[in-house]
Amino acid sequence: MSKAKLPQYDYDIIIIGGGPAGYTAGLYAARAGLKTLLVEGASTVSQITITDLIENYPGIPEGINGFDLMQLFKNQALKFGLETLAKDVSAIKNNAFSPAIWDITVGDKSFKTLSVIAATGAQWRKLGVPGEEEFAGKGVSYCATCDGPFYKNKDVVVVGGGDTAIQEALFLTHFAKKVIVVHRRDRLRAAGILQKRAFAEKKIEFAWKANLTEVVGRDFVTGIKIADVESGKLSEIPAEGVFIFVGRIPHTNLFHVLLKLDAGAYIITDDNMRTSAAGIFAAGDCRAKQFRQVITAAGDGANAAFSAELYVGDMKGQSY
């Protein structure tokens, strides 16, 4: 399709999401000279911004907190002319007059774009047990970085056995008197180096092969009830804080009708971040993949931006 035949549009690329994937895509797209808008979202934040320490991002051996790292991403992208908007996207659909254009509703405005990069990320999964909702903010938390300092010299529980759970358990040892890790299996899924640190940490104890069945308390959390996975035997662990890290739910509601998703509602892409819909690409934690880290999200973002650049060039009749 030649540029002359294209209907009027506002942007070459609209990126939805302001995390590592989104801002890397924005950096690459803006640097390539494409008119690009990144919509950060007004009611959600990137999970990375509430991470206390990132020590495995290349080039920053001393480590950095997630908020500061994202500011570096953002400032670099803005330097190349990326436009940003802090509002929520409520709808995405094909333009009524041209399937080559995507209409994006952002707040009370609508924008037309040749391509879309979904970088909407994911949120922490809840257990759905009694007491979890009732004590949210009163002892139940999904962010040790946010709430850890409130538990100085207190006993806390961490639920989960993956990288995030163990990272957060180690972080909580800076404040808590004791950290009890409750895990449904008899071994951790976390990276070896994290396991080594956790097992060596005197403040960390483990409740193996156990499921949290209830959060108990009065005005605030006073403990949890757990059930042995094999016998079903119930027991109670006194604690004043419960930190839950049992996986994520992708923010993909906008794409349920438009795109092919896997069983976990993650967006299915090919190796070049192309989705099942022409002109829509996906990157970062919202995408179906094996490994979710800042570095993989950034790689996805760069790849998605380049794929979108090729797509837009083809739409304009400027393909290589």
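Structural notes, computed from the coordinates. (Residues numbered from 1 in each chain as written. Predicted model: local features only at pLDDT ≥ 70, side-chain atom pairs only at ≥ 80, totals over all residues. Heavy atoms only, no water.)

Considerations on the environment of Asp 10
Selection rule: Numbering goes from the N terminus for both helices and strands, where a helix is a DSSP run of H or I of at least four residues and a strand is a run of E of at least two. Contacts between residues were defined by any pair of non-hydrogen atoms, one from each residue, lying within 4.5 Å. What qualifies as a polar contact is a pair of N or O atoms within 3.5 Å, subject to a donor-acceptor requirement within protein and to the restriction that residues adjacent in sequence count only when both atoms come from side chains.
Tracing the backbone shows Asp 10 in the segment before β1 (11–16). On a C-alpha basis, the gap between Asp 10 and Ala 278 in space is 18 Å, while along the polypeptide they are 268 residues apart. Among residues more than four places away in sequence, those in contact with Asp 10 are Lys 35, Ser 110, Phe 111 and Lys 112. Within the local environment of Asp 10, its side chain forms a polar contact with the backbone nitrogen of Lys 112, the two atoms lying 2.7 Å apart.

Quick notes on a positive patch on the surface
Just so we agree on the cut-off: Patches were defined on residues exceeding 30% relative accessible area and lacking a salt bridge, with like-charge contacts within 9 Å and nonpolar side-chain contacts (Val, Leu, Ile, Met, Phe, Trp, Tyr) within 5 Å. Every accessible area reported is derived by Shrake-Rupley at a probe size of 1.4 Å, with residue values counting cover from the shown protein chains alone. We define a salt bridge as a side-chain nitrogen of Lys or Arg found within 4 Å of a carboxyl oxygen belonging to Asp or Glu. In this tally, Lys and Arg are treated as positive and Asp and Glu as negative; His is ignored, and so are the chain termini. In plain terms, the charge of a residue is placed at NZ if it is Lys, CZ if Arg, CG if Asp and CD if Glu.
A surface patch of like charges, here positive, comprises Arg 184, Arg 185, Arg 187 and Arg 189. Along the chain, the position of Arg 185 falls in the loop between β10 (178–182) and α5 (192–200).

Things to note about the sheet that holds strand β12 (residues 210–217)
Counted only if it meets this: Between any two strands, at least two bridges found by DSSP are needed for them to pair. Fitted lines through C-alpha atoms serve as axes, helices being fitted only where they are in contact, and the angles separating the N-to-C directions of these axes extend from 0 to 180 degrees.
Ordered by their spatial adjacency, 3 strands build an open sheet running β12-β13-β14, and the pairing between neighbours is antiparallel. Among the strands making up the open sheet, the edge pair consists of β12 and β14 (234–238). Ignoring strand direction, the axes of neighbouring strands in this sheet form an average angle of 30 degrees. Where strand β13 (residues 221–228) meets β14, 5 bridges bridge the pair, whose relative direction is antiparallel.

A look at the sheet that holds β10
The parallel open sheet is built from 5 strands, whose spatial order is β8-β15-β9-β10-β11. At either end of the open sheet lies a strand with only one pairing partner, and these are β8 (140–141) and β11 (204–207). Pairing between strand β9 (residues 155–159) and strand β15 (residues 241–244): 4 bridges, direction parallel. Note that in β15 the partner of Val 157 across the bridge is Val 242. Across the sheet, helix α4 (residues 163–172) is in contact with β9, β10, β11 and β15; its angle to β9 comes to roughly 170 degrees.

Quick notes on the packing of helix α1 (residues 20–31) against helix α2 (residues 66–79)
The following threshold applies: By definition in this entry, angles of less than 35 degrees are roughly parallel, angles greater than 145 are roughly antiparallel, angles of 65 to 115 are roughly perpendicular, and the rest are oblique. Helix crossings are classified by the rotation of the near helix relative to the far one: an anticlockwise turn of less than a right angle makes the crossing left-handed, while a clockwise turn makes it right-handed.
Running from amino to carboxyl end, α1 crosses α2 at an angle of 20 degrees, the nearest separation of the two axes being 8 Å. The angle between α1 and α2 falls in the class roughly parallel. Note on packing geometry: the crossing formed by α1 with α2 is left-handed. Residues Pro 20, Tyr 23, Thr 24, Gly 26, Leu 27 and Ala 30 of α1 touch α2, and the partners they reach there are Met 70, Phe 73, Lys 74, Gln 76 and Ala 77.

Digging into unusual backbone geometry
Both trends apply: most residues other than glycine have a negative phi, and most peptide bonds are in trans. How we decide: Relative accessible area decides the class of each residue, using a 1.4 Å probe on protein chains only: under 20% of the type maximum gives buried, over 50% gives exposed, and in between gives partly exposed.
Even without being a glycine, Asn 153 presents a positive backbone phi close to 60 degrees. Residue classification places Asn 153 among the exposed positions, given a relative accessible area of 56%. Not every positive phi belongs to a glycine, and Met 273 is a case in point at roughly 70 degrees. Turning to its location among the elements, Met 273 is positioned in the loop between β16 (248–250) and β17 (280–282).

Remarks on the packing of aromatic side chains
What counts here: A pair of aromatic rings is counted whenever rings of Phe, Tyr or Trp (Trp by its six-membered ring) have centres within 6.5 Å, and the orientation is called stacked for planes under 30 degrees apart, edge-to-face for over 60 and tilted otherwise.
Going through the model one piece at a time under the given rule, you end up with 9 aromatic pairs. Measuring from ring centre to ring centre gives 5.4 Å for Phe 171 and Phe 175, while their planes differ by 70 degrees; the resulting arrangement is edge-to-face. For Phe 171, a relative accessible area of 10% gives the class buried. Aromatic pair Phe 206 and Trp 208: ring centres 4.8 Å apart, planes at 5 degrees, arrangement stacked. You can call Phe 206 partly exposed: its relative accessible area is 22%. Using a relative accessible area of 32% as the deciding quantity, one classes Trp 208 as partly exposed.

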